[in-house]
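Spelled out from the first residue to the last, the chains are:
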Amino acid sequence: MTLDSRARWTLVLRQVALRGGALCRETLVLDETEAQALRDQIARLSQRLASQLGHISARLTAAPTA
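Now for a quick tour of the structure. Model, not experiment: these values are computed from the prediction.

### Concerning the environment of leucine 3
Consideration 1: If you trace the backbone, leucine 3 turns up in strand E1 (residues 2-3).
Consideration 2: Residue leucine 3 is classed as exposed on the basis of its relative accessible area, which comes to 60%.
Consideration 3: Between the alpha carbons of leucine 3 and glutamate 32 there is a distance of 9.8 Å; along the sequence they are 29 residues apart.

### Observations regarding the pattern of salt bridges
Two side chains carrying opposite charge are able to pair once their charged atoms lie near each other.
Consideration 1: Throughout the structure, instances matching the rule amount to three salt bridges.
Consideration 2: Close ionic contact of aspartate 4 with arginine 8 constitutes a salt bridge, the shortest N to O distance being 3.0 Å.
Consideration 3: For arginine 8, a relative accessible area of 39% gives the class partly exposed.
Consideration 4: Put simply, arginine 19 and glutamate 26 hold a salt bridge, and the shortest N to O gap is 2.4 Å.
Consideration 5: By relative accessible area, which is 46% here, arginine 19 ends up partly exposed.
Consideration 6: Accessibility expressed as a relative area gives 27% for glutamate 26, which makes it partly exposed.

Calculation criteria
- Residues numbered from 1 in each chain as written.
- Predicted model: local features only at pLDDT ≥ 70, side-chain atom pairs only at ≥ 80, totals over all residues.
- Heavy atoms only, no water.
- Helix = DSSP H or I, 4+ residues; strand = E, 2+ residues; numbered from the N terminus.
- Buried < 20%, exposed > 50% of the residue type's maximum accessible area, 1.4 Å probe, protein only.
- Salt bridge = Lys/Arg side-chain N within 4 Å of Asp/Glu carboxyl O.

Given below as structure tokens:
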């Protein structure tokens, strides 16, 4: 993690994953602005998913039992 002259951070993540039996090395560079946008997107998607699951749960609860 580094800080620029305005105290905004940048994170560099290096990871190794096993995919299809082969090692895959990846690097992700994420700055503060991108991280905030990603956080906001995840929050919106999470709310949408929770709403959809709530609708499904309500339909299953309301469904007649045979």
